[in-house]
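# A look at the structure
What follows is each chain in one-letter form.
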Amino acid sequence: VQLQACGGGLVQAGGSLRLSCAASGRTFSSYGMGWFRQAQGKEREFVAGFTRSGYTYYEDSVKGRFTISRDNAKNTVYLQMNSLNPEDTAVYYCATSDSAGYYYAARSSKEFDYWGQGTQVTVSS
C-alpha cells in the first residue's frame, strides 16, 4: 500500500487549500481513512476521516472549515481546508486503517497502518 499526499503550500490566514491523497494497492472505499497533522514540537493529531461505512467525522477545531471527500474512481481522498488560520500550520498526513471496524471512527494514529509522506501547510497571519 502506498499513499501519496500533495497539495500543501503557503497561504494567508483566511485562505483555502485542498490536499489530495492518492492510494495504490488499496481501494480507499473499503477501508477506514484519515487525515492527521503534526505541528512543530507537537504530537500528531487527528483532523478528519472516513469510516469504512463512508461516514465522515472531524476534529472539533476544524468542523465547519474542513471537508473530507473522496473520488472512488480515482482512489483519491481530499481535504478541502477553508478559513485557514496560523494554528492550522503543520505537516498533514493521510493514512489508512486495516483494523478499524465498519462503523468505527478511528482517531488515534495507532489505529492506522499505512501513512503517506506528509505535505506541509503553512498559514501566515
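Since the model is a prediction, treat every value here as computed from it, not as a measurement. (Residues numbered from 1 in each chain as written. Predicted model: local features only at pLDDT ≥ 70, side-chain atom pairs only at ≥ 80, totals over all residues. Heavy atoms only, no water.)

## Digging into unusual backbone geometry
Even without glycine at this site, N75 takes up a positive phi of about 50 degrees. Note that N75 resides in the loop between β7 (66-71) and β8 (76-81). Unusually for a residue other than glycine, S83 sits at a positive phi of about 50 degrees. Take S83: it is sitting in the loop between β8 and β9 (90-97). (Helix = DSSP H or I, 4+ residues; strand = E, 2+ residues; numbered from the N terminus.)

## Points about the sheet that holds β8
Taken together, four strands build an open sheet; the order of strands is β1-β3-β8-β7 and the sheet is antiparallel. With one partner strand each, in any of the chains shown, β1 (2-6) and β7 form the two edges of the open sheet. Each neighbouring strand pair of the sheet contributes to a mean axis angle of 15 degrees, computed without reference to strand direction. Here β7 pairs with β8 via six bridges, running antiparallel. (Pairing = 2+ DSSP bridges. Axes fitted to C-alpha atoms, helices over the stretch in contact; angles between N-to-C directions.)

## Concerning the nonpolar core
Ranked by size, the top nonpolar core spans 26 residues in total, and within it W35, I68, L79, M81 and Y92 carry the most contacts. For this core, the elements supplying multiple residues, two or more each, are β1, β3 (17-24), β4 (32-38), β5 (45-50), β7, β8, β9 and β11 (119-124). With four residues, β3 is the single largest residue contributor to this core. Contact partners of M81, with chain neighbours within four places excluded, come to G15, S16, L17, L19, R65, F66, Y92 and V121. F36, F46, Y57 and A106 belong to the second-largest nonpolar core, a separate cluster that totals seven residues. (Core = buried A, V, L, I, M, F, W, Y, C linked by side-chain atoms within 4.5 Å. Buried < 20%, exposed > 50% of the residue type's maximum accessible area, 1.4 Å probe, protein only. Contact = heavy atoms within 4.5 Å.)

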